[in-house]
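So the chains spell out like this:
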Amino acid sequence: MNIPPLRFGTWPHWFQGKSKITDRLREKFGCNVKTIDFKRRGYLDDIDVLVLEQNGLDDYFENNADYLHHFIANGGICWIMHQDYERWHTDFLPDEAGRPCLVKRYFNTISPRHKSYLLPLVEPAGVGLFGTPNAIDSSEFVYWSVPGNSFGTCAPNEGGDFIRSTATSCIVNYQPWQVLGSYRDGCVDDGALVARLRYVKGMFFWNQLLFPELRHTEDDRCLAFWDRYIINALNYFADLRTGKETVAPPKPKKLPKKNNYRMIVHLHSLDWYGADAAPAAIAAAMKFHNFDIGVFSVKDTRPLHDFADIEPCCDDRVLLLPGQEFHPFNWQAGSKGHNDFHILALGTTRYTTDFTQSLFDRTEIDHYIRRAIAFIRENGGACAATHPTEDFWLDYDLDAVDVAFRGYIKPPQPENFRLAGSALDRHLGSGKRIAMLTSVDMWGLQRLRENPLFSFIYLDGEPSRETVVAAIKARHLMPAWNIDRADVRMGKFRPGDAVPALSPIKLSVNSPTPLRELRVCDKNGLFYSEALDGQNELLRELSSELCGAQGFIRLEIEAAAGALLPNPFYLP
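J.: Let's hear about the overall build of the protein: which residues, and what values?
T.: In terms of regular secondary structure, the protein is built from 10 helices and 32 strands. Accessible surface, the protein: about 22,700 Å² in total, of which carbon and sulfur atoms supply 50%. Charged side chains of the protein number 63 positive and 72 negative; the gap between the two group centres comes to 3 Å.

J.: Run through the pattern of salt bridges, naming residues and quoting values.
T.: The full count for this structure, using the stated rule, is 39 salt bridges. Arg-26 is paired through a salt bridge with Asp-23; the nearest N and O atoms lie 3.4 Å apart. A residue pair is termed a helical-turn pair when its members lie 3 or 4 positions apart in one helix, as Arg-26 and Asp-23 do in helix α1 (residues 21–29) at 3 residues. A salt bridge links Arg-317 to Asp-137; its shortest N-O distance comes to 3.2 Å. In this pair, Arg-317 sits in the loop between β14 (293–296) and β15 (319–321) while Asp-137 sits in the loop between α4 (127–131) and β7 (146–148), placing the two residues 180 residues apart along the sequence. Salt bridges here are not isolated pairs; linked through shared partners, they connect Arg-418, Asp-425, Arg-516, Glu-517, Arg-519, Arg-554, Glu-556 and Glu-558.

J.: Explain the packing of α1 against helix α5 (residues 221–241) residue by residue, including any values.
T.: At a minimum axis separation of 11 Å, α1 and α5 run at an interaxial angle of 85°. Here α1 is positioned roughly perpendicular relative to α5, judged by the angle of their axes. Between α1, through Ile-21, Arg-24, Leu-25, Lys-28 and Phe-29, and α5, the contact on the second element is made entirely by Leu-223, Trp-226, Asp-227, Ile-230, Ile-231 and Leu-234.

J.: Can you tell me about the sheet that holds strand β16 (residues 323–326), naming the residues and giving the values?
T.: What the 5 strands build is an open sheet, ordered β16-β18-β20-β21-β22; its pairing is mixed. Two strands in the sheet have a free side with no partner beyond their single neighbour: β16 and β22 (435–437). In this sheet, neighbouring strand axes are inclined to one another by 25° on average, regardless of whether the strands run parallel or antiparallel. Inspection of the sheet shows strand β18 (residues 343–346) paired to strand β20 (residues 382–385) by 4 bridges, in the antiparallel sense. From the neighbouring strand, Ala-345 faces β20, where its bridge partner is Cys-383.

J.: Which residues make up the layout of surface pockets, and what are the values?
T.: The space that makes up the largest pocket amounts to roughly 630 Å³. The wall of the largest pocket is formed by 27 residues, among which Val-122, Val-127, Ile-136, Lys-251 and Asp-315 lie closest to the centre. Of all the elements in the fold, those that place two or more residues in the lining of the largest pocket are β6 (121–122), α4 and α6 (279–288). Its residues assigned to classes, the lining of the largest pocket comprises 19 nonpolar, 2 polar and 6 charged.

J.: Let's hear about the environment of Arg-554: which residues, and what values?
T.: Here Arg-554 lies in strand β30 (residues 552–559). A sequence separation of 35 residues divides Arg-554 from Arg-519, and the C-alpha atoms of the two residues are 8.3 Å apart. Setting aside anything within four residues of it in sequence, one finds Arg-554 in contact with Leu-419, Ala-420, Asp-425, Met-436, Arg-519, Val-520, Cys-521, Leu-565, Pro-566 and Pro-568. Within the structure, Arg-554 has its side chain in polar contact with the side chain of Asp-425 (distance 2.9 Å). Only 2.8 Å separates the side chain of Arg-554 from the side chain of Glu-556, close enough to count as a polar contact.

J.: Explain the sheet that holds strand β26 (residues 505–510) to me, using residue names and the numbers behind them.
T.: Within the open sheet, the 3 strands sit side by side as β25-β26-β29. Their pairing is antiparallel. For this open sheet the edge positions go to β25 (485–490) and β29 (537–542), each flanked by a neighbour on one side alone. Sheet twist, expressed as the mean angle between neighbouring strand axes with direction ignored, is 5°. Pairing geometry for β26 and β29, over 6 bridges, is antiparallel. Bridging across to β29, Val-509 finds its partner in Leu-538.

J.: Can you explain the side chain of Asp-441? Please cite residues and give values.
T.: Structurally, Asp-441 is set in the loop between β22 and α9 (445–450). In this structure Asp-441 is buried but unpaired, with Lys-299 as the nearest side chain of opposite charge at 4.9 Å.

J.: Got a sec to walk through the nonpolar core? Specific residues and values, please.
T.: Within soluble globular proteins, side chains that are nonpolar tend to cluster in buried spots. In this structure, Trp-79, Trp-226 and Phe-237 are the most contacted members of the largest nonpolar core, which totals 158 residues. A per-element tally of this core places α5 first, with 12 residues. Beyond its immediate chain neighbours, meaning those up to four positions away, Phe-237 contacts Leu-6, Val-49, Ile-77, Trp-79, Met-203 and Phe-205. Counting 31 residues, the second-largest nonpolar core is a separate cluster that includes Ile-47, Leu-68, Leu-93 and Ile-171.

J.: Go over empty space enclosed by the protein with me, naming the residues and quoting the values.
T.: Empty space among the atoms becomes apparent when a probe as large as a water molecule is rolled across them. Taken as a whole and judged by the stated rule, the model has 6 cavities of 30 Å³ or more. By volume, the largest cavity amounts to about 120 Å³. It is α6 that provides the largest number of residues to the lining of the largest cavity, a total of 3 residues. Looking at side-chain class alone, the lining of the largest cavity contains 9 nonpolar, 1 polar and 2 charged residues. Considering the residues around the second largest cavity, the lining is formed by Trp-11, Phe-38, Tyr-43, Leu-44, Leu-50, Tyr-60, Phe-61, Asn-64, Ala-65 and Leu-68.

Thresholds applied
Per chain, the residues get numbers from 1 upward, laid out in the order the sequence is written. Note on the predicted model: pLDDT of at least 70 is required for a residue's local features to be given, and 80 or more for side-chain atom pairs to be given and counted; whole-chain, interface and lining totals, by contrast, use all residues. Only heavy atoms go into the side-chain values, all of them from the structure, while hydrogens and water stay out. By the criteria applied, helices consist of DSSP H or I runs no shorter than four residues and strands consist of E runs no shorter than two, each listed in order from the N terminus. Residue exposure ignores everything except the shown protein chains as possible cover, and the areas themselves are Shrake-Rupley values with a 1.4 Å probe. Asp and Glu are treated as the negative residues and Lys and Arg as the positive ones, with His and the ends of the chain left uncounted. Here the site of a charge means atom NZ of a Lys, CZ of an Arg, CG of an Asp or CD of a Glu. Whenever Lys or Arg places a side-chain nitrogen within 4 Å of a carboxyl oxygen from Asp or Glu, that contact is recorded as a salt bridge. Angular values range over 0 to 180 degrees, each being the angle between N-to-C directions of two axes fitted as lines to C-alpha atoms, with helices fitted over their stretch in contact. Here the angle decides the label: under 35 degrees means roughly parallel, over 145 means roughly antiparallel, 65 to 115 means roughly perpendicular, and every other value means oblique. Only heavy atoms matter for contacts: two residues are in contact if any of them lie within 4.5 Å across the pair. For two strands to be treated as a pair, DSSP must find at least two bridges joining them. A cavity, in this analysis, means grid points on a 1 Å lattice covering only the protein atoms where a 1.4 Å probe fits yet has no way out; a pocket is instead an open set bounded by protein on both sides within 12 Å along at least five of seven lines, and a residue lines either one if it has an atom within 4 Å of a point. Grid points are joined across faces, edges and corners, and a volume is the space filled by probe spheres set on the points. In this classification, the charged set is Asp, Glu, Lys and Arg, the nonpolar set is Ala, Val, Leu, Ile, Met, Phe, Trp, Tyr, Cys and Pro, and all remaining amino acids, among them Gly, are polar. Distance and chemistry together define a polar contact, namely a pair of N or O atoms within 3.5 Å, with one atom able to donate a hydrogen and the other to accept it when in protein, and with adjacent residues in sequence counting only for side-chain atoms on both sides. Burial status follows relative accessibility: with a 1.4 Å probe on protein chains alone, a residue under 20% of its type maximum counts as buried, one over 50% as exposed, and anything between as partly exposed. In plain words, nonpolar cores are sets of buried Ala, Val, Leu, Ile, Met, Phe, Trp, Tyr and Cys residues tied together by side-chain atoms within 4.5 Å.

Here it is, written out as structure tokens:
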């Protein structure tokens, strides 16, 4: 652990929490941290880094602002920790720093459990800080539970609360600061969570990320982040003082080649009223849950910055693709709900507002759906019916349809994935083909934890928008719920393929809960089932069980709290 020999200065403030980053510097890293005595002349002369503690601003700065500027100009560093957006003021900063301010962006969305997450999207200028010596991934910023708000404006509040975020406010109007970690959503076009300002030989370093204000348990992942980040920051400061620029090794930008990938569609960002996270936060949560590919389902194009919000979030762990939900509000008589005819545009090259509208008459529906499908095809995407409340998709040339399951607002039960006798099986039995997909509105980080329905997808070639769209159209999908790993093949063929002749099917499935049953269906319905032994892993080869199958072979694998539904193999 490389800890540069920097000298730190801090001082107690009236309204700070009981846990401070300077305590961590002393206790965990053995750093030389002194308490500044403002009554002594030259109190900054024997330190390298002045730590402005979390919510530690007071009038001492204003009294001696010129002395502070002199300290920075001669090579000192002012480390500004998270500040209270209600009390932040900039009078102590030199005129060259402009007048940055803070805006609160932490809020409840669809329920008290669903809250906005602010986390930094690492900008090119911040790659060194976040990359060396510790490579810090965005997945380390999500699912925090941070003790905060432990003080009031006038007096300490012993209670406080726990904040599920890396920050509660972001920096705006930050020019001419250099942003190392940015934040953007539909209401804040340009925000920052980590920024710096070079001032002659020294630097103002502003870190708006939350440090726990009360003592945290040592096994908490928030503290694990801070320990890694502190080491990076100390090396970053040491490099600056020696005239060196911190440089991190280049990081791959593309997903590695895999057998198949875990894909989620129907992701909602803050373009929709129920969503609680920006694209960067969703990408971080996908990494946390080990999902590889995500397709957004934008509802309204107006809050977006085109695809620029998505591309910076893609790296060697997650690929995000544009998409849109065509969401008609259906008011015609006899409808099962106000939005019976949901269609997803997956991987389209542009957005449109043409298909988010109300339908008032049954005669409008057919024209609407055919126009929507044509638009999706013309713009390079795949089209899917998403959790349909009626079987309208039977009459249209869609690429995919969500498998029938109930209770999509709450986690579904495995038995809801049994499709024998369903409209989908009847459709396949008539000789028609359509991809089985699964999707449910994923409107943020808590939602990804609650109901991670997804599909395994087999790609031909490098992961990209084009190969994902092609795989959906080729039906190379295995809808799943709560399955860790799966591979199903008939010889060299994958689910969704037409096979020239029967051959053994090889199964490899790993589940976090015990596996209960294997079912095999063809065009005539269920013709083979087998109770599994309750193990979490299934390695099998089906051969004689396939004799007599007609039309297609479709598998269902059920676990205690999970399911796998590979797309059918189509028989000659």
